[in-house]
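# What the coordinates show
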Amino acid sequence: MFDLLIKNGKLISGEIIDVAIKDGKIKKVAKKIDSEAVTLLDLKEEQYISAGWIDDHVHCYEGMDLYYDFPDEVGVKSGVTSVIDAGTTGAENIYDFYRLASNAQTNVYALLNISKWGIVEQDELADLSKVKADLIKKALKDLPEFIVGIKARMSNTVIGDNGIKPLEMAKRIQRDNHNLPLMVHVGSAPPKLDEILSKLTKGDIMTHCFNGKSNGILDQETETIKDFAWDAYKEGIVFDIGHGTASFNFHVAETALNEGMKATSISSDIYYTNRTKGPVYDFATTMEKMRAVGYSWEEIIDKVTSAPANHFHLTNKGYIAEGYDADLTIFNLTSGKKELIDSQGQSREVTEIIKPVQTIIGGMIHDNTL
Ligand code: ZN
Ligand code: ZN
C-alpha cells in the first residue's frame, strides 16, 4: 500500500505516467500502476508533472535588511520544492538561518558567503579580515546537509579595493574543503569579467550570466558574445541566470542563444522586494522569460530540476525516478498572453503561461494559492 499514487500525469515530453510514493520517496514510476494508496491524485492526462523545481539562487533569511525573504514564500507557494539561498549568511550567522529554515515546508539549502556575516552590508568583501577560513571550516562541519557550497560576490560595490583577491581566497577555501561548489556573482567592474572567469574551473557557477552590464558577456559594440565568455562556457563553467533586480537582460540572453549559448541553469535571485514589486515576481515568471527568449519547455524544466541537482550534488533530487525524494511539481501550461519585463525594463510577450498548482514535498501535497 502506497501513501500517495499519482495517476495520469503528463511529462513535459507529452508522455503519460503514474508515480507511487511511500515514506517520502518515489517507489515506482510506470505507464500504469494499479495499487492501493492512502491518497489518490488523478491528473487526468491534463496536468503536467515534473521533478520538483529547484531555485538555486534565492535570498530567504529573514534576519537581514538588504536581501531577505521567507523560504515558503519563494518555495512551496510557487511550485518550488527546494531553494538554495545564495550567500545571504556567512559563518557567524548561518546557524540562525539554519534554525529558522528548519521550520519551513520547503527544502532549504545554503551557500555560505565567504564573508563571515554574509550580506549584512553591500560591501561584505571590502574588508578581507571578514573571510575566516577556520570559521568556514567549522560551519561546513557543523551543517554538512544544509551548506551545499560557498558564495563570493565579485563586483565593484562588494569588493572595495580588493580586486580579484577575494576570489582567490574563495578558490583556496574551495580546494581546502573537498572542492565544494562555488558560486560567483558577477556585475560591474572591477574586477573585469575576463579576470574572474580565468580563475574559475569546471563546475564553478557564474550567476547573473545574462546581465546587461558592460562588464558582462556581451560586447556591446560588436553585439557578439565575448571570446573569453565562450571559452569559459566550453570549459564547463556553469552559466546560471540569477535574474534578480538588476541582472537579467533579454537582449543578452537572445544574442547568446543566437550564437548557440544557453544558460546551464535557471534561477530567480528572488527576495522580498523583487518578488513583491518585480521584475522577478516568482520562479514561474523567470521560466516564462526563458521561453520568451526561445528555450523549449523541456530545456527549461531540465534547467530547474536535474541541472541544479547535479551542480550542487543534491543526490536524491531533480529526477522522477525510483529511490529519489518525492518532490514533485504539478503545473498547468496554457495559452495566453503575458508581458514580461527584464531588469532593464525591456519587455517581451509570451504566449504560454506556466502555473504551478500543487507542490509535493517529501510526499506531502501542498495546494498553490498563487
Ligand atoms: Zn548577486
Ligand atoms: Zn543574489
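Before going into details, it helps to say that this report is about the structure given with it. Residue positions within a chain follow its written sequence, with the count starting from 1. Lettering of chains starts at A and numbering of ligands starts at 1, both following the order in which they are written. Given that this is a predicted model, residues contribute local features only at a pLDDT of at least 70 and side-chain atom pairs are listed and counted only at 80 or more, while totals for whole chains, interfaces and linings are drawn from all residues. Note that the side-chain values use all heavy atoms of the structure and ignore hydrogens as well as water.

### Overview of the overall build of the protein
In DSSP terms, a helix is any run of H or I states spanning at least four residues, a strand is any run of E spanning at least two, and both are numbered starting from the N terminus. The helix and strand tally for the protein stands at 12 helices and 17 strands. Its C-alpha radius of gyration of 20 Å places the protein within 12% of the 21 Å reference for a compact globule of 370 residues. Reported as C-alpha extents along the three principal axes, the dimensions of the protein are approximately 65 × 45 × 35 Å. For the protein, with 370 residues in total, the buried portion stands at 57%. Long-range pairs, those at least 24 residues apart, make up 73% of the contacts in the protein with a sequence separation of at least 6. Each accessible area is a Shrake-Rupley estimate made with a 1.4 Å probe; only the visible protein chains count as cover when residues are assessed. Carbon together with sulfur atoms contributes 47% to the accessible area of the protein, which is approximately 14,900 Å² in total. For the protein, the separation between the mean place of its 40 positive charges and that of its 55 negative charges on side chains is 2 Å. Here the globule rule reads 2.2 Å times residues to the power 0.38, and the radius of gyration is calculated from C-alpha atoms. For every residue, the accessible area obtained with a 1.4 Å probe (protein chains only) is divided by the maximum for its type, and the residue is called buried under 20%, exposed over 50%, and partly exposed between those limits. Any pair of residues with heavy atoms lying within 4.5 Å of one another is described as a contacting pair. We treat Lys and Arg as the positive residues and Asp and Glu as the negative residues; His and chain ends play no part in the count. For charged residues, the charge sits on one atom: NZ in Lys, CZ in Arg, CG in Asp, CD in Glu.

### Overview of the coordination of the zinc ion (ligand 1)
Note on the zinc ion (ligand 1): its protein donors are His185 (ND1) and His208 (NE2). The metal-donor distances range over 2.0 Å. Donor selection uses N, O and S atoms within 2.8 Å of the metal (3.2 Å for Na, K and Ca). Since no water is included, sites may look incomplete. The metal-metal distance between the zinc ion (ligand 1) and the zinc ion (ligand 2) is 3.6 Å. Note that histidine 185 is positioned in strand S10 (residues 182-186) and histidine 208 in the loop between strand S11 (205-207) and strand S12 (218-219), a separation of 23 residues in sequence. Residue classification places histidine 185 among the buried residues on the basis of a relative accessible area of 11%. Classification of histidine 208 by relative accessible area gives buried; the value is 3%.

### Notes on the packing of aromatic side chains
A pair of Phe, Tyr and Trp rings is counted when the ring centres sit within 6.5 Å of each other, with Trp represented by its six-membered ring. The angle between the planes then sorts it: under 30 degrees is stacked, over 60 is edge-to-face, the rest tilted. As enumerated under the stated definition, the model contains 12 aromatic pairs in all. Considering the side-chain rings of tryptophan 53 and phenylalanine 283, the 6.4 Å spacing of their centres and the 70° angle between planes classify their relative orientation as edge-to-face. Of this pair, tryptophan 53 sits in strand S6 (residues 53-58) while phenylalanine 283 sits in helix H10 (residues 283-293), and the two are 230 residues apart along the sequence. Residues tryptophan 53 and phenylalanine 283 agree in their burial class; the two are buried. Between the aromatic rings of tyrosine 67 and tyrosine 271, the centroid separation amounts to 4.7 Å while the plane-to-plane angle is 75°, which identifies the pairing as edge-to-face. With tyrosine 67 in the loop between S6 and helix H1 (71-74) and tyrosine 271 in the loop between helix H8 (250-258) and helix H9 (272-276), this residue pair connects regions lying 204 residues apart in the sequence.

### Concerning the sheet that holds S6
Pairing between the strands of a sheet comes from backbone hydrogen bonds, and it takes one of two forms, parallel or antiparallel. Pairing is parallel across the open sheet formed by seven strands, whose spatial order is S6-S7-S8-S9-S10-S11-S14. Strand pairing shows two members of the sheet lacking a second neighbour, S6 and strand S14 (238-240), which therefore form its edges. Neighbour-to-neighbour, the strand axes of this sheet turn through a mean angle of 25°, independent of strand direction. Of the strand pairs in this sheet, S6 and strand S7 (residues 80-86) are connected by four bridges, and their pairing is parallel. Within the sheet, the bridge partner assigned to aspartate 55 lies in S7 and is valine 83. With axes taken as lines fitted to C-alpha atoms, and helix axes fitted only over the stretch in contact, angles between N-to-C directions fall between 0 and 180 degrees. Along the sheet face, helix H2 (residues 94-101) touches S7, strand S8 (107-113) and strand S9 (147-154) and points at about 175° away from the line of S8. Pairs of strands are assigned from DSSP output, requiring at least two bridges between the strands.

### Remarks on H10
Counting buried residues along H10, nine of its 11 residues qualify, which places the element largely inside the surrounding structure. Where the residues of H10 are buried, they touch S6, S7, H8, helix H11 (297-303), strand S15 (328-341) and strand S16 (347-361). Backbone nitrogen of alanine 284 and a side-chain oxygen of the N-cap are separated by 3.3 Å at the start of H10; the cap is aspartate 282. Glycine 294 sits one or two residues past H10 and shows a positive phi near 130°. Nitrogen and oxygen atoms within 3.5 Å of one another constitute a polar contact, given that in protein one can donate a hydrogen and the other can accept it, and given that sequence-neighbouring residues count only through two side-chain atoms.

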